[in-house]
Every structure is written in structure tokens, then in C-alpha cells.
Amino acid sequence: MALNPLFFRKTIIAATGLFLCIFLIVHLSANCILLLPEDVARGLYNSYSTALRENPLIKIVAYILYISIVLHVVYALLITIRNRKAKPEKYTMNQANENSSWTSQNMGLIGIMILLFIVVHLANFWARIKLGIGEAPGFDADGNVDVYEVTYSLFQNIYYVIFYTVLMIPLGLHLHHGLKSGFKSLGFYHQKGLKTLAKVALIYAAIMAIGFGIIPFIVYFK
Ligand code: HEM
């Protein structure tokens with residue numbers, strides 16, 4: 001039996017999306033270190049970041065992360081283009097009431113805003129720290145790359161603070177809708193379970209959007 005290409009794309013989007021959701025929990029927890037007093041936070045943040053870059057197992061997870069981001073974006077774009085061409089039957093696997101929500105109709109636009117965020121974000125940190133592009137970061141007293149300083153100096157710029165905070169609104173909307181429809185795409189149709197899942201998705205999306213959105217502000221005023 002031939003594999004339905006739409007089903008295949010949705011499964012890839014859902015599976016990679018769920019993996020990215022787990023990454024965000026770990027990433028937000030790590031970034032909460034930035035809120036601790038400086039004498040504790042600098043060493044902890046920098047040694048955590050060094051461990052991430054140097055641990056071979058985590059390096060493999062990082063490659064899975066990059067591949068997941070690329071697959072998620074590429075297949076989401078393919079589905080968005082397909083939906084635009086076949087207009088009336090948008091996002092066919094969702095329930096009718098979800099189809100009418102603003103978020104579900106604009107997942108493509110919201111996704112592009114998040115993509116813009118990720119490109120800028122990777123240029124701010126990843127390109128500088130991992131690829132050595134741009135101004136070289138300094139080192140802390142333990143000889144670790146001073147990622148804490150890179151973060152604090154970036155968030156001295158109010159425009160970056162606003163950019164990081166405002167773009168957490170589309171991220172929150174995307175996570176809320178994506179988490180709900182992701183489970184359905186993976187074949188989870190249990191009615192009661194889906195209701196609970198909708199609540200979990202809302203709480204998760206709110207924590208991620210508020211958490212990531214508030215950190216740059218706290219750093220700016222610290
Ligand atoms: C307060 C907001 C955030 C801060 C301070 C922050 C900080 C950082 C830092 C310092 C790195 C580089 C880590 C290293 O190589 O040592 C990084 C990497 C990364 N961040 Fe963020 N981040 C934030 C929000 C986000 C959000 C919302 C996303 C996704 C939507 C995201 C996605 C990523 C990705 C994909 C990487 C590359 C990870 C890797 O190479 O292992 N970040 N972030």
C-alpha cells in the first residue's frame with residue numbers, strides 16, 4: 001500500500017515538533033540560570049554550555065536537533081504551500097472548530113516569524129560560540145567560554161530585548177496549536193485525553209512564551 005504523502009509530512013512535522021518541545025523545556029530550564037545571582041550564575045551557565053558543546057553524546061543530540069528543525073520547517077512549508085493551492089480543505093486532519101481559529105489558519109505566517117527569530121538567535125549565539133563567526137567571546141575564570149557575558153551584553157540592547165520578547169507571542173501560539181494537532185497527527189484520538197492535552201498544551205505554551213520572553217527583560221534590568 002502506497003504511503004499517503006500528506007500523512008507522511010504531518011507525521012514528520014509532529015514527531016520533530018514534539019522533539020523540539022522537549023528541547024525547549026531543557027533550554028528554558030538552562031536559561032533560568034541567568035536569573036541567579038551573578039557569582040553563581042556565570043560559572044554554572046558557562047560550565048553547562050561547555051558540557052553541551054564537548055560531550056559527544058550531547059553533540060549527537062545537537063545534530064538530531066538541527067536535523068529536526070530543518071525537517072520541521074521544510075515539511076511545514078510544503079504543507080502550507082499545498083494548503084494554499086487547495087484552499088478550501090485547509091489542514092484537513094484537524095477538527096472543524098480548530099480550523100476556524102486564527103492560529104490554525106496562520107500557522108505558516110507564525111512559523112515564518114519563529115524562523116526569523118531562530119535565524120537571528122543562532123546568529124547571536126550559536127554562530128559566535130560554536131562556529132566562531134563574528135566577535136570572539138571571552139573566557140571566564142575557569143577557562144570556559146563566557147557565554148554568560150555574551151548573553152548579558154546582547155540583552156543590554158533594548159531592541160534585542162524587545163525582539164526576543166515580542167517574538168515569544170507567535171512562539172506561544174505556535175506551541176499551543178502545534179502540540180494539540182501534533183498528537184492528533186500521530187494518531188492520538190482519545191476524546192478525554194485530547195481535552196486534557198489541550199489544557200497541558202496551553203500551560204506548556206504559556207510557560208515557554210512567558211519564560212523565554214521575560215528572561216531578556218530581567219537581564220536588562222538586573
Ligand atoms: C531567553 C531566551 C533565550 C536565551 C537567553 C537563549 C540562549 C542561548 C544560548 C546561549 C545558546 C548557545 C548555547 C551554546 O552553544 O553554548 C542557544 C542556542 C540555541 N537556542 Fe537559545 N536562547 C533563548 C531562547 C531560545 C528559543 C525561544 C529558541 C527556539 C524557539 C531557542 C533555540 C536555540 C537553538 C536551536 C540553539 C542551538 C542549540 C545547540 O547548538 O545545541 N533559543 N540559546
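S.K.: Would you mind showing me how to read the nonpolar core here?
M.R.: Counting 35 residues, the largest nonpolar core has Leu 24, Leu 34, Leu 171, Leu 175, Tyr 204, Met 208 and Phe 212 as the members making the most contacts within it. When residues of this core are traced back to their parent elements, those giving at least two are helix H1 (5-31), helix H2 (38-54), helix H6 (107-129), helix H7 (147-154), helix H8 (158-166), helix H9 (168-185) and helix H10 (191-221). No other element matches the eight residues that H10 contributes to this core. In contact with Leu 24, other than residues within four places in its own chain, are Leu 171, Leu 175, Tyr 204, Met 208 and Phe 212. Counting residues in hydrophobic clusters, the runner-up holds five residues, among them Leu 6, Ile 12, Ile 13 and Ile 79.

S.K.: Hey, could you run me through the pattern of salt bridges in this one?
M.R.: A side chain of one charge can pair with a side chain of the opposite charge if their charged atoms are brought near each other. Considering all chains together, one arrives at three salt bridges under this definition. In this structure, Arg 42 and Asp 146 form a salt bridge, with 2.7 Å as the shortest nitrogen-oxygen distance. Within this pair, whereas Arg 42 is found in helix H2, its partner Asp 146 is found in the loop between H6 and H7, the two being separated by 104 residues in sequence. The shortest N-O distance in the salt bridge between Arg 42 and Glu 149 comes to 3.0 Å.

S.K.: So what exactly am I meant to see when it comes to the coordination of the iron atom of the ligand here?
M.R.: Between any two of four tetrahedral donors, the ideal angle at the metal is 109.5 degrees; between two of six octahedral donors, it is 90 or 180 degrees. Ligation of the iron atom of the ligand by protein atoms is provided by His 27 (NE2) and His 121 (NE2), these donors lying 1.9 to 2.0 Å from the ion. Because the angles between the six donor atoms bound to the iron atom of the ligand fall within 87 to 179 degrees, the donor set is best described as octahedral. Here His 27 is found in helix H1, whereas its partner His 121 is found in helix H6, with 94 residues between them in sequence. Judged by its relative accessible area of 24%, His 27 falls in the partly exposed class. Assessed through its relative accessible area of 18%, His 121 is described here as buried.

S.K.: It is not clear to me how the packing of aromatic side chains should be interpreted in this structure. Could you clarify?
M.R.: For any pair of aromatic rings, geometry is given as the distance between the ring centres together with the angle between the planes. Taken as a whole and judged by the stated rule, the model has eleven aromatic pairs. Here the aromatic rings of Tyr 66 and Trp 126 are separated by 5.5 Å at their centres, their planes lie at 70 degrees, and the arrangement is edge-to-face. Of this pair, Tyr 66 sits in helix H3 (residues 56-85) while Trp 126 sits in helix H6, placing them 60 residues apart in sequence. Given the relative accessible area of 24%, Tyr 66 is considered partly exposed. Here the aromatic rings of Phe 163 and Tyr 164 are separated by 6.1 Å at their centres, their planes lie at 70 degrees, and the arrangement is edge-to-face. The class of Phe 163 is partly exposed, set by a relative accessible area of 21%. Among the aromatic side chains, those forming a connected cluster through ring pairs are Phe 117, Phe 155, Phe 163 and Tyr 164.

S.K.: Where do I start with the environment of Phe 19 in this structure?
M.R.: As for its position among the elements, Phe 19 is in helix H1. Of the residues examined, Phe 19 reaches a relative accessible area of 25% and is grouped as partly exposed. Separated by 94 residues in sequence, Phe 19 and Met 113 have C-alpha atoms that sit 20 Å apart. Those residues in contact with Phe 19 that sit more than four places away from it in its chain are Val 61, Ile 64, Leu 65 and Ser 68.

S.K.: What's the story with the packing of H9 against H10 in this structure? I'm lost.
M.R.: Where H9 meets H10, the closest approach of the two axes is 8 Å, and the angle between their N-to-C directions is 155 degrees. It follows that H9 is roughly antiparallel to H10 by the angle criterion. Seen along the crossing, H9 lies across H10 with a hand that is right-handed. Here Met 168, Leu 171, Gly 172, Leu 175, His 176, Leu 179, Lys 180, Phe 183 and Lys 184 of H9 come into contact with H10, specifically with Leu 194, Leu 197, Ala 198, Ala 201, Leu 202, Tyr 204, Ala 205, Met 208, Ala 209, Phe 212 and Gly 213.

S.K.: What is the right way to look at the site of the ligand in this model?
M.R.: In the neighbourhood of the ligand, 25 residues make up the surrounding shell, with His 27, Ser 49, Tyr 66, His 121 and Lys 130 lying closest. Between the ligand and the protein, one listed contact pairs an oxygen atom with a side-chain N or O atom of Ser 49 at 2.4 Å. Elements with a contribution of two residues or more to the shell around the ligand: H1, H2, H3, H6, H7, H9 and H10. Looking at the shell around the ligand element by element, the count peaks at five residues for H6. Its residues placed into classes, the shell around the ligand shows 18 nonpolar, five polar and two charged.

Rules behind the numbers
Residues numbered from 1 in each chain as written. Predicted model: local features only at pLDDT ≥ 70, side-chain atom pairs only at ≥ 80, totals over all residues. Heavy atoms only, no water. Core = buried A, V, L, I, M, F, W, Y, C linked by side-chain atoms within 4.5 Å. Buried < 20%, exposed > 50% of the residue type's maximum accessible area, 1.4 Å probe, protein only. Helix = DSSP H or I, 4+ residues; strand = E, 2+ residues; numbered from the N terminus. Contact = heavy atoms within 4.5 Å. Salt bridge = Lys/Arg side-chain N within 4 Å of Asp/Glu carboxyl O. Donors = N, O, S within 2.8 Å, 3.2 Å for Na, K, Ca; no water. Tetrahedral: all angles 85-135°; square planar, octahedral: opposite > 155°, others 65-115°. Phe/Tyr/Trp six-rings, centres within 6.5 Å; stacked < 30°, edge-to-face > 60°. Axes fitted to C-alpha atoms, helices over the stretch in contact; angles between N-to-C directions. Parallel < 35°, antiparallel > 145°, perpendicular 65-115°, else oblique. Left-handed = near helix turned anticlockwise from the far one by under 90°. Near = heavy atom within 4 Å. Polar contact = N/O pair within 3.5 Å; in protein donor to acceptor, adjacent residues only side chain to side chain. Nonpolar A, V, L, I, M, F, W, Y, C, P; charged D, E, K, R; others polar.

On their own, these measurements won't tell you what the molecule is for.
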